Amino acid sequence: MAFAAAITAPVVAKTGYTFVNWGVPTVAATMPNEDLTYTAVWTPATNTAYVVKHFKQNLDGTYPEEAEETDELTGTTGAYVTPDTKSYFGYVTPAKQTVQIAADGSLVVTYNYALITYTLTLDATTNGGECETESLDVRHGATLTLPEATRDGYTFDGWFTKAVGGDQITNSTVIQRNIGTLYAQFTEAITPETNIIAGKSGDADGGAVVITDPDIEAHALIIEKDGRVNITPSAY
């Protein structure tokens with residue numbers, strides 16, 4: 001720049017910062033007979049944007065592409081901030097993160113909220129049964145795949161929240177709390193009855209055996225005195 005030429009300070013900008021001055025209160029109006037050096041002075045902007053996204057875990061363990069909630073915030077460039085987390089029923093709240101605000105507004109904080117996992121104990125022994133599976137893990141809001149328990153001479157009624165009575169838990173029950181222990185309950189099996197009806201063959205040496213079962217049509221087993229056996233529909 002030529003000696004005595006007018007000096008016009010340029011307009012400058014810096015992302016995430018506010019221009020203060022050129023290091024002196026006033027830039028020289030004209031060029032002196034020597035070089036001049038001015039250095040821009042900046043102050044961090046106080047309205048720099050950053051984003052906080054909150055993601056809730058899916059039942060299959062993945063996370064969705066879209067956030068459950070998004071917080072659009074502002075702060076001072078270069079400052080360290082600790083954004084707040086949310087509280088969602090059935091989910092584990094993650095630890096808060098301390099991060100630095102980027103000058104260009106590119107900071108995105110991600111909070112992932114995992115579903116609470118409940119461990120259920122399966123107790124078949126209290127009511128005299130047995131089951132190969134002793135416990136199950138299930139995420140909040142999911143359903144179970146329950147095994148069957150067995151007990152000799154009994155039919156399995158299902159899994160319940162108490163050893164006697166209680167609420168039945170099935171494969172369609174949505175788990176929304178920590179149940180703790182499920183108890184297998186049983187009902188004594190009904191066995192077919194055998195009734196002996198004597199003297200129906202017309203001879204003192206003969207007899208009839210009537211087999212009675214809810215699922216089998218009643219028949220009479222006729223034992224003749226000569227040892228012959230006839231099976232006929234029961235009339236008794």
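Residues numbered from 1 in each chain as written. Predicted model: local features only at pLDDT ≥ 70, side-chain atom pairs only at ≥ 80, totals over all residues. Heavy atoms only, no water.

With that settled, consider the overall build of the protein chain. If you tally the helices and strands in the protein chain, you get 0 helices and 17 strands. Residue burial in the protein chain is summarised as follows: out of 236 residues, 27% are buried. Sequence separation of at least 24 residues holds for 47% of the intrachain contacts in the protein chain that already meet a minimum separation of 6. Element-wise, carbon and sulfur atoms account for 49% of the exposed surface of the protein chain, whose accessible area totals about 15200 Å². (Helix = DSSP H or I, 4+ residues; strand = E, 2+ residues; numbered from the N terminus. Buried < 20%, exposed > 50% of the residue type's maximum accessible area, 1.4 Å probe, protein only. Contact = heavy atoms within 4.5 Å. Areas by Shrake-Rupley, 256 points an atom, 1.4 Å probe, with all protein chains shown as cover.)

Turning next to the side chain of Thr 77. Tracing the backbone shows Thr 77 in the loop between strand S4 (69-75) and strand S5 (80-81). A polar contact of 2.7 Å, which involves the side chain of Thr 77, links it to the backbone oxygen of Gly 16. Beyond its immediate stretch of four places on either side in the chain, Thr 77 contacts Gly 16, Tyr 17, Pro 44, Ala 45, Thr 48, Ile 101 and Ala 103. (Polar contact = N/O pair within 3.5 Å; in protein donor to acceptor, adjacent residues only side chain to side chain.)

This next bit is on the packing of aromatic side chains. Using the criterion set out here, one finds 6 aromatic pairs in the structure. When the ring of Tyr 88 is compared with that of Tyr 113, the centres are 4.9 Å apart and the planes differ by 80°; the resulting orientation is edge-to-face. Here the residue Tyr 88 occupies a position in the loop between S5 and strand S6 (91-92), and Tyr 113 occupies one in strand S8 (residues 108-115), the gap between them amounting to 25 residues. Across this residue pair, the class does not change: Tyr 88 and Tyr 113 are buried. Between Lys 14 and the ring centre of Tyr 17, over which it is positioned, the NZ or CZ distance is 4.4 Å. (Phe/Tyr/Trp six-rings, centres within 6.5 Å; stacked < 30°, edge-to-face > 60°. Lys NZ or Arg CZ within 6 Å of the ring centre and 35° of its normal.)

Per-residue confidence for the protein chain averages 86 on the pLDDT scale, and 81% of its residues sit at or above 70. Every residue in residues 194-204 is under pLDDT 50, and counting partners more than four places away or in other chains gives 22 contacts. Of the regions scoring below 50 in pLDDT, residues 206-216 engages in 36 contacts with residues more than four places distant in sequence or in other chains. (pLDDT = per-residue confidence, 0-100.)

Turning our eyes to something else, we now look at the side chain of Lys 56. Here Lys 56 is to be found in strand S3 (residues 48-56). Not counting the four nearest positions on each side in its chain, Lys 56 is found in contact with Tyr 63, Pro 64, Glu 68, Tyr 88, Tyr 91 and Tyr 113.

The full count for this structure, using the stated rule, is 4 salt bridges. Across the pair Glu 69 and Lys 86 runs a salt bridge whose closest N-O atoms are separated by 3.8 Å. One end of the pair, Glu 69, is in strand S4; the other, Lys 86, is in the loop between S5 and S6, and 17 residues separate them in sequence. Classification of Glu 69 as partly exposed rests on a relative accessible area of 31%. One salt bridge connects Lys 86 with Asp 71, and the closest N-O pair in it is separated by 3.5 Å. Here Asp 71 lies in strand S4 and Lys 86 lies in the loop between S5 and S6, a separation of 15 residues in the sequence. The network of salt bridges with common partners includes Glu 69, Asp 71 and Lys 86. (Salt bridge = Lys/Arg side-chain N within 4 Å of Asp/Glu carboxyl O.)

Take the sheet that holds S8 next. What the 4 strands build is an open sheet, ordered S4-S3-S8-S6; its pairing is mixed. In this open sheet, the two edge strands, each paired with only one partner strand, are S4 and S6. Bridge analysis of S3 against S4 gives 7 bridges, and the strand direction is antiparallel. Across the sheet, residue Thr 48 finds its bridge partner in S4, namely Gly 75. (Pairing = 2+ DSSP bridges.)

Structurally, the position occupied by Thr 70 is in strand S4. Given a relative accessible area of 41%, Thr 70 falls into the partly exposed group. C-alpha separation for the pair Thr 70 and Val 52, spaced 18 residues apart in sequence, amounts to 5.8 Å.

Right, let's talk about the sheet that holds strand S9 (residues 117-123) for a bit. Here 5 strands make up an open sheet; going across it, the order is S10-S9-S13-S11-S12 and the pairing mixed. Both edges of this open sheet fall to strand S10 (135-139) and strand S12 (168-169), since each of them pairs with a single strand only. With 2 bridges connecting them, strand S11 (residues 154-160) and S12 associate as antiparallel partners. When the sheet's bridge partners are listed, Phe 160 is paired in S12 with Gln 168.

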